[in-house]
Amino acid sequence: MSDTRILPYADAPVNPAALTPEALTAAQFMDLYEYICAAGTFAGFSAVPWEELGMCEVLDEPTDEPEGLRLYLRDRWPVAVLEFDTGYRVIPGAITNRWLQS
């Protein structure tokens, strides 16, 4: 069994209520992306229901590139990331369990 909890940093605790596009630095965005990649599972495009993604808050990568990463937050916690032309990486159980079933 894996532990997928987000633990606060020892130096600067992360306040989930402060996760807004304006308050998030590029380094913090990449930390969240790396967490989802490490704890999540690749789900592709068609396995993640748009209805459930519509209930999430979306944070676009703070970059000048037109197709950057897009993080999805539920209750201010990172649950998925959209990688342009690749698909979604999802924390198991955070969005839905339907894509885990065959």
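Residues numbered from 1 in each chain as written. Predicted model: local features only at pLDDT ≥ 70, side-chain atom pairs only at ≥ 80, totals over all residues. Heavy atoms only, no water.

1. Examining the overall build of the protein chain
Item 1. From N to C terminus, the protein chain includes two helices and five strands.
Item 2. Written out in order from the N terminus, the α and β elements of the protein chain read α-β-α-β-β-β-β.
Item 3. Every one of the 102 residues in the protein chain was classed for burial, and the buried ones make up 34%.
Item 4. Within the protein chain, counting contacts between residues at least 6 apart in sequence, those at least 24 apart form 58% of the total. (Helix = DSSP H or I, 4+ residues; strand = E, 2+ residues; numbered from the N terminus. Buried < 20%, exposed > 50% of the residue type's maximum accessible area, 1.4 Å probe, protein only. Contact = heavy atoms within 4.5 Å.)

2. Focus: the environment of I91
Item 1. Secondary-structure assignment places I91 in the segment after strand 5 (87–90).
Item 2. With a relative accessible area of 7%, I91 lands in the buried category.
Item 3. Separated by 50 residues in sequence, I91 and T41 have C-alpha atoms that sit 6.3 Å apart.

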